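# Observations on the model geometry
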Number of protein chains: 2
Amino acid sequence: MKPVKVGICGLGTVGGGTFNVLKRNAEEIARRAGRGIEVAQIATRHPNAKCDTGATPITADIFDVVNNPEIDIVVELIGGYTLAKELVLKAIENGKHVVTANKALIAVHGNEIFAKAREKGVIVAFEASVAGGIPVIKAIREGLAGNRINWLAGIINGTGNFILTEMREKGRTFEEVLKEAQELGYAEADPTFDVEGIDAAHKLTILASIAFGIPLQFDKAYTEGIARLTTTDVNYAEALGYRIKHLGVARRTDAGIELRVHPTLIPADRLIANVNGVMNAVMVNGDAVGSTLYYGAGAGMEPTASAVVADLVDVTRALTTDPNNRVPHLAFQPDSLSDHPILPISACESAYYLRIQAKDHPGVLAQVASILSERGINIESIMQKEAEEQDGLVPVILVTHRVVEQRIDDSIAALEKLDDVVDKVVRIRVEQLN
Amino acid sequence: MKPVKVGICGLGTVGGGTFNVLKRNAEEIARRAGRGIEVAQIATRHPNAKCDTGATPITADIFDVVNNPEIDIVVELIGGYTLAKELVLKAIENGKHVVTANKALIAVHGNEIFAKAREKGVIVAFEASVAGGIPVIKAIREGLAGNRINWLAGIINGTGNFILTEMREKGRTFEEVLKEAQELGYAEADPTFDVEGIDAAHKLTILASIAFGIPLQFDKAYTEGIARLTTTDVNYAEALGYRIKHLGVARRTDAGIELRVHPTLIPADRLIANVNGVMNAVMVNGDAVGSTLYYGAGAGMEPTASAVVADLVDVTRALTTDPNNRVPHLAFQPDSLSDHPILPISACESAYYLRIQAKDHPGVLAQVASILSERGINIESIMQKEAEEQDGLVPVILVTHRVVEQRIDDSIAALEKLDDVVDKVVRIRVEQLN
């Protein structure tokens, strides 16, 4: 059989990795796919020093690739929303299949892109858009197809996890570690996407859609970053038997679907609490399978390329299939997507870690307990530290049982009005992830 | 579209679970697959109390199912080699697709079964045969299709892992825990398959074939059980920073493929070292993706059913596809399987934990070091305990660098000839699993 012809748009880190993996493992890949996968054209404005493209035709114009009649599959690796969207839609228009690693594009414009792809009978594959080389989209979409998914929770931003790991292991501050991460090239010069959880929210949006069969709704995801986390809370969490991780959590409840990214206390003995450095992991809980976990490198040149190439093999196999009988883009048939609503964060349910800075007066603890109890909030554990020498304040640290967030918001407002409570109350969500 | 008709052969734990999951999640599954999956017939001699089969036709003869013209997919859940093989071959003969959870059948008769399936253009799906609900076969076969797989290592027998976890956490002996596991129903009355590693070797054989593209060669797998492990070694391992797990390891080397199941020391901070109780986990290392890990319930009614149903959805989607363009049974095209040989255990390479019971004489350590050094074996760490009061023996515990097993065998033979060494030398393999 003739090789499948692939056009790569963008020869940066992932583009270069994809080219290299396709070249190095050409024989192994052809033994699996039953035919070769050949890069017939590359669109890039800059050469990639880590990538010897040899005689492969290069163009500076990405649209040359989508208009090239020779090309069967377009690999979109230019990133960003606008031009990438135009490129992908044009490729679909021209009847070409698409493989992309672009989480922002899929999370924000995926519904439109998949509708167009369906109309044209082509595939848009996006395994590389979430958790790099970990085949977690395939696991959820196909491997757990017999389950009603209850929830998923993931460490899906390597930069954020590197920062939290360093803060915990070395007692360093957020600012210090961020600076180092930028110097090491783990974090972008503008770290907003990583540390504010936007990148994680893009990925979570995608995972939630394929888990629950809902349209992509990035604009409804709740996002809270890690920039305000202090080593104080990292250490108290540790003392209580928890680790703090920046988690994306999606949970199905009767009222709707929770879709939230935020720092989270996890019991220290959970496998996912021990995922360190830049590594990623996603837990998925299904009604039949129980809890499963998928772990690996969430970013990087060749781990991400691994996912791109897996998609290329899948698409190659699907070239001859009936478009109506393929794995649907969002795991569920497009006509069967659910309109179960995304819940606002105030309606989400979680346990909470609270740190209250109180004056060293008798009765503070009773006041705190009473405010929580009036709002129906049960306390799981509580820890009151000795008065600190400098300021005469006693931190009260407690973990609540699960409760709707609105009640915690109300409690915090009441707590902050107490004369004996100084500063803002620190609130961090807690998940057991059994 | 009309529902796909499925016949379940065997209504034990997994059969009952499969029926229940298909029934409970019927709507969710149809939303994914684009059509219903309906159990049209069940073959069983005994009702399953956990399974309300309602109006589903029941027969006592499994061959009624494979001869039923209404049935599209036969689910083989009777277990064992002989009758199951006959059943599966007959189903294929009749042009039916097959889904099975039978690791022994696939590991021992898979080559013959897949050849027959290819001839008839049908699929034999077997995700449930390895690691229960964890979609690890799909991950390796499809999700990592761009990689040259270097090695994989798995905790793939829940009973064995439960025993080792209890031994470590509670200081109990192998015999004690095994007895309890039998009472709890985790272990069979005849525990040989689990504790001697035969069950794990079946699963490892399957994983190695799809990872490296080699025919199934169960008879060449090296198997060593956990029955001789003592709490002494569990504790020394702990003191050296390791955990002991019963691992299946498959590794590709230039000389051939290592295929071995044995107790293994793993650094305690590895994620897989922290997989406890009856849970399973498989690490897979590919040249592009690096190390990945897949974790979940490796057995049980519904976790295994989860994998069976995922296969049913896959087969349902593949009903209309070109048989030559499907995912090959062993991940690689049947004509492209490799004849890279399976290495005998003496040619496998590993690091080693050795425990030598020596008399408390000066110079013993020097003799030990000299025997190892003469055979080119480097010592990574060594620990000599004080003489134990009762018998005046000093245990010498050491971990070597990686070396071919033959050299360790030679060294042990030489060590056991020393006048100052009493008892057999205890030897346990060590893997870093980076």
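None of the values given here were measured: they were computed from a predicted structure.

## Quick word on the relation of the copies chain A and chain B
Least-squares fitting of chain A to chain B yields an RMSD of 0.0 Å, with the superposition described by an axial translation of 0.0 Å and a rotation of 180°. Seen this way, the second copy is the image of the first under a two-fold rotation axis. When you check the interface residues of chain A against chain B, 98% turn up at the interface there too, and the contact is symmetric in its surfaces.

## Structural notes on the environment of B:His97
Residue and element names in this part refer to chain B. Assignment of secondary structure puts His97 in strand E5 (residues 97-100). Here His97 is in contact with Asp72, Ile73, Val74, Gly121, Val122, Ile123, Val315, Leu319 and Arg326, once residues within four sequence places are set aside. Separated by 2.9 Å, the side chain of His97 and the backbone nitrogen of Ile123 make a polar contact.

## What to know about unusual backbone geometry
Located in the positive-phi region is A:Ala331, a residue other than glycine, with phi close to 75°. With respect to the helices and strands, A:Ala331 occurs in the loop between helix H12 (301-318) and strand E13 (349-359). Unusually for a residue other than glycine, B:Ala131 sits at a positive phi of about 60°. With respect to the secondary-structure elements, B:Ala131 resides in the loop between strand E6 (124-125) and helix H6 (136-143). Residue B:Ala131 is classed as buried on the basis of its relative accessible area, which comes to 0%.

## Regarding the pattern of salt bridges
All names here are of chain A. All told, the structure shown has 72 salt bridges over all chains when counted by the stated rule. Ionic pairing is found between Arg172 and Glu166, a salt bridge with its closest N-O pair at 2.9 Å. Using a relative accessible area of 17% as the deciding quantity, one classes Arg172 as buried. A residue is classified by how much of its surface remains accessible, and Glu166, at 8% relative accessible area, is buried. The salt bridge partner of Arg260 is Glu258, with a shortest N-O separation of 2.7 Å.

## Quick notes on the interface of chain A and chain B
Counting from both sides, the interface comprises 63 residues of chain A and, opposite them, 62 residues of chain B. Roughly 4900 Å² is buried in total at the junction of chain A and chain B, and carbon and sulfur atoms are behind 50% of that figure. At the junction of chain A with chain B, the criterion picks out 8 salt bridges. When the shortest N-O distance is used, the salt bridge between B:Arg252 and A:Glu28 registers 3.0 Å. Among the secondary structure elements, those contributing two or more residues to the side of chain A that touches chain B are helix H1 (13-24), helix H2 (26-33), helix H6 (136-143), helix H10 (198-212), strand E12 (290-297) and H12 of chain A. Per element, the largest residue contribution to the side of chain A that touches chain B is 9 residues, and it comes from H12(A). Of the residues belonging to the side of chain A that touches chain B, the class tally is 29 nonpolar, 19 polar and 15 charged. Alignment of E12(A) against strand E12 (residues 290-297) of chain B, held across 3 bridges, turns out to be antiparallel. Along E12(B), the bridge assignment pairs A:Tyr294 with B:Tyr294.

## Points about the nonpolar core
Proteins that are soluble and globular tend to have nonpolar side chains buried together. Formed by 120 residues in total, the largest nonpolar core has its most connected members in A:Val136, A:Leu207, B:Val136 and B:Leu207. Not counting chain neighbours up to four residues away, the residues in contact with B:Leu207 comprise B:Val130, B:Val136, B:Ile137, B:Ile140, B:Leu152 and B:Val282. Counting residues in each nonpolar core, the second largest holds 34 residues, with A:Ala153, A:Val249, A:Ala273 and A:Leu293 among its members.

## With respect to the sheet that holds strand E4 (residues 73-76) of chain B
Residues and elements named next belong to chain B. Taken together, the 6 strands give an open sheet; going across it, the order is E3-E2-E1-E4-E5-E6, and neighbouring strands pair in parallel fashion. Whereas interior strands pair on both sides, the edge strands pair on one side only; in this sheet they are strand E3 (58-59) and E6. Summarising the sheet, E4 and E5 pair through 4 bridges and their orientation is parallel. Its bridge partner being in E5, Ile73 is matched across the sheet by His97. Contacting strand E1 (4-9), E4, E5 and E6, helix H4 (residues 82-93) crosses the sheet at an angle of about 170° to E4.

## Here's the deal with the UniProt feature "active site" (unreviewed entry) in chain A
Residues and elements named next belong to chain A. Mapped onto the present numbering, the UniProt feature "active site" (unreviewed entry) falls at Lys203. As for its position among the elements, Lys203 is in helix H10. You can call Lys203 buried: its relative accessible area is 6%. Dropping the residues within four chain positions of it, Lys203 is found in contact with Lys103, Ser129, Val130, Ala131, Ile156 and Asn157.

Thresholds applied
Residues numbered from 1 in each chain as written. Chains lettered and ligands numbered in written order. Predicted model: local features only at pLDDT ≥ 70, side-chain atom pairs only at ≥ 80, totals over all residues. Heavy atoms only, no water. Least-squares fit on C-alpha atoms with pLDDT ≥ 70 in both. Contact = heavy atoms within 4.5 Å. Helix = DSSP H or I, 4+ residues; strand = E, 2+ residues; numbered from the N terminus. Polar contact = N/O pair within 3.5 Å; in protein donor to acceptor, adjacent residues only side chain to side chain. Buried < 20%, exposed > 50% of the residue type's maximum accessible area, 1.4 Å probe, protein only. Salt bridge = Lys/Arg side-chain N within 4 Å of Asp/Glu carboxyl O. Buried area = accessible area lost by both parts, 1.4 Å probe. Nonpolar A, V, L, I, M, F, W, Y, C, P; charged D, E, K, R; others polar. Pairing = 2+ DSSP bridges. Core = buried A, V, L, I, M, F, W, Y, C linked by side-chain atoms within 4.5 Å. Axes fitted to C-alpha atoms, helices over the stretch in contact; angles between N-to-C directions. UniProt positions renumbered as here; feature names shortened; annotations may be inferred.

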